[in-house]
Structure formats: C-alpha cells, structure tokens
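# A structural walkthrough
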Amino acid sequence: MELYKLPAHKLHQLIKKREVSVEEVIISLFKRIEEVEDKIGAFLSLDKEEALKEAKKWDKRLSREENPGILAGIPIAIKDNICVKKRETTCASRILKGFYPPYSATVIKKLKEAGCILIGKTNLDEFAMGSSTENSAFKITHNPWNLETIPGGSSGGSAAAVASGEATMALGSDTGGSIRQPAALCGVVGLKPTYGRVSRYGLVAFASSLDQIGPITKDVTDCAHLLKIISGKDELDSTCLDYPVPDYPKFLLPDVK
C-alpha cells in the first residue's frame, strides 16, 4: 500500500485502527519527495527531522489509546507566504531570504492544535504575484501530470505537492484565483473561503482586502475537514468573521446523484 497516495480521512482510519503508524505515513511521504521533487520543484524548504519527531510523539499518544482528531498525525505542506515561527518564510523572494518569523500565523496554530504535522514550505510566484509559479526567485515548479506545463499559481507549489503525492494536503492563499486555478490545473481540490471566514493573521499580504488562506486537498472530504479546522474568529484579525463555524463534513453526501 502506497500511503502517500491516500487522502487524509483514509489515513486517519488506518492510523486509528493501528494498521499503520504516523511515522510510517511520514516516511512514505518523504520517500515520495525524494523520488520526484527534483523534477517537480514543489518545495522551497523541508523539515524531515521535525516531522519524524512529531510523528513519534503522536504514535506514543495513540499507544495510550488516546482518540485523536481526524487530522492528527496528518502531514501538511504550507505555502511559503504563511508565517511559521522559527521556520524560514521567504514568499519565494530573495528579499526575505533568511527571515525567520517570531510568531506563527493563526492557521498554523490551529493546525498544530489539530495534530497536523508540517513537512515543509511550498514554492509560489514571488510575493504571490503570478499565476504560473514560474516567477519564484528560487525555482520553477512543474505540473506533476506533464512536466512541460505549468501547475498554475501562485499556490502552484502547494497544488503540485498534493497532486504528486508529496503532501497529503496543503494550505495556499487566494487573492484572485491563486488556490482555485492551480488546483484546477493540477487536478486536486482547492477552495477560496468567503472573505473573513479564515484568519489572515500571519499571511504576508498581497491585497489584504481580497486575500484568503484556503485548503488544497486530494478530495472534497479532506477539504471539508481542513476548512473546519482553519476557520473561525480571530482577535488578531479585525476583518475575521465573528460567526459560528459550520460542521462542514456533515454536509458531505454519500452519493452525488
């Protein structure tokens, strides 16, 4: 079984039943990254050591019969314009090379509380200004389905990582299509939340009256679970919506017919 191919909700079932360990999931993912990353160029940075350390922590908690949330132990990639404390955040620009934020974005805190394991930061058009991920200061990202074509942008690194099996899910940001367009070009699920649904705190702004952080996933089920985790009011973002977060997975239908 190739664990890197599975969506988060299926990995959750395997982890919950103790049929696979979180560490095995992380190892499978990084093996996949070693196989294809040099051709795709989805990531600007990776943190295998920290990811494996977190995986072992979750496996210990599971051994104590703890009941984790559905995203506990699930690997996720983060677009490199979203701040993660003490992890380099460049926005794919040499201007920010060597910048290590002293704080994490609110969405990162929510992901960590849910048990997600951050595996790395993904490539983008510099400062999210572009629609092809050819305009990064560091590398060009290629579409996993056809390396001669673009993955879209500016969240092309996140979309390519999910499409190629280098990440189970990812976060991107969307101002005028920067999640939706690369998701479409890479054949994955991408969603721009309603403005104010997700906190922008810790997102390096492109156009702050339009920007939204959103999910990029293998399927709609994962999208619903990830959106539920990252949504909600945030006192650190005055434009964030003060409105209850729906239980999005409950709206999923077993049969689209």
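Our subject is the structure listed above.
The rules we used
- Residues numbered from 1 in each chain as written.
- Predicted model: local features only at pLDDT ≥ 70, side-chain atom pairs only at ≥ 80, totals over all residues.
- Heavy atoms only, no water.
- Helix = DSSP H or I, 4+ residues; strand = E, 2+ residues; numbered from the N terminus.
- Buried < 20%, exposed > 50% of the residue type's maximum accessible area, 1.4 Å probe, protein only.
- Salt bridge = Lys/Arg side-chain N within 4 Å of Asp/Glu carboxyl O.
- Axes fitted to C-alpha atoms, helices over the stretch in contact; angles between N-to-C directions.
- Parallel < 35°, antiparallel > 145°, perpendicular 65-115°, else oblique.
- Contact = heavy atoms within 4.5 Å.
- Nonpolar A, V, L, I, M, F, W, Y, C, P; charged D, E, K, R; others polar.
- Core = buried A, V, L, I, M, F, W, Y, C linked by side-chain atoms within 4.5 Å.
- Pairing = 2+ DSSP bridges.

Attention shifts here to the environment of L46. Within the secondary structure, L46 is located in strand 1 (residues 43–46). By relative accessible area, L46 is classed as partly exposed at 40%. Sequence-wise, L46 and G190 are 144 residues apart; in three dimensions their C-alpha atoms are separated by 22 Å.

In the structure shown here, the tally under the stated rule is 14 salt bridges. Measuring nitrogen to oxygen at the nearest pair gives 3.8 Å for the salt bridge that ties R32 to E35. Taken together, the residues R32 and E35, both in helix 2 (residues 22–40) and three residues apart, mark about one turn of the helix. Judged by its relative accessible area of 39%, E35 is partly exposed. Overlapping salt bridges bring together K228, D247 and K250 as one network.

At a minimum axis distance of 7 Å, the contact between helix 2 and helix 3 (residues 48–63) shows a crossing angle of 155°. Considered as vectors, helix 2 and helix 3 are oriented roughly antiparallel to each other. Contact residues: V22, E23, I26, I27, F30 and E34 in helix 2; K48, A51, L52, A55, K56, W58, D59 and L62 in helix 3. Within the contact of helix 2 with helix 3, the residues separate by chemical class into nine nonpolar, no polar and five charged.

Moving on: helix 4 (residues 106–114). Restricting attention to buried positions, one finds in helix 4 the residues T106, V107, I108, K110, L111 and A114. Among the structural elements, strand 2 (75–79), strand 3 (117–122), strand 4 (169–174), strand 6 (212–217) and helix 7 (220–230) are those in contact with the buried residues of helix 4. Just past helix 4, the residue G115 takes up positive phi, approximately 95°.

Moving on: the nonpolar core. The biggest cluster of nonpolar side chains holds 61 residues, and the ones touching the most others in it are I119 and L171. Of all the elements, helix 2 adds the most residues to this core, at eight residues.

This part takes up the sheet that holds strand 4. Hydrogen bonds along the backbone pair up the strands of a sheet, which may run parallel or antiparallel. Strand order across the open sheet formed by six strands is 1-3-2-4-6-5, with mixed pairing between neighbours. Where the open sheet ends on each side, the last strands, each with one partner, are strand 1 and strand 5 (189–190). Examined bridge by bridge, strand 1 and strand 3 share three bridges and lie antiparallel to one another. Bridge pairing links S45 to K121 in strand 3. On the sheet, helix 2 packs against strand 1, strand 2 and strand 3 and is oriented at approximately 20° with respect to strand 3. Sitting on the sheet, helix 3 touches strand 1 and strand 3, and the angle it makes with strand 3 is about 160°.

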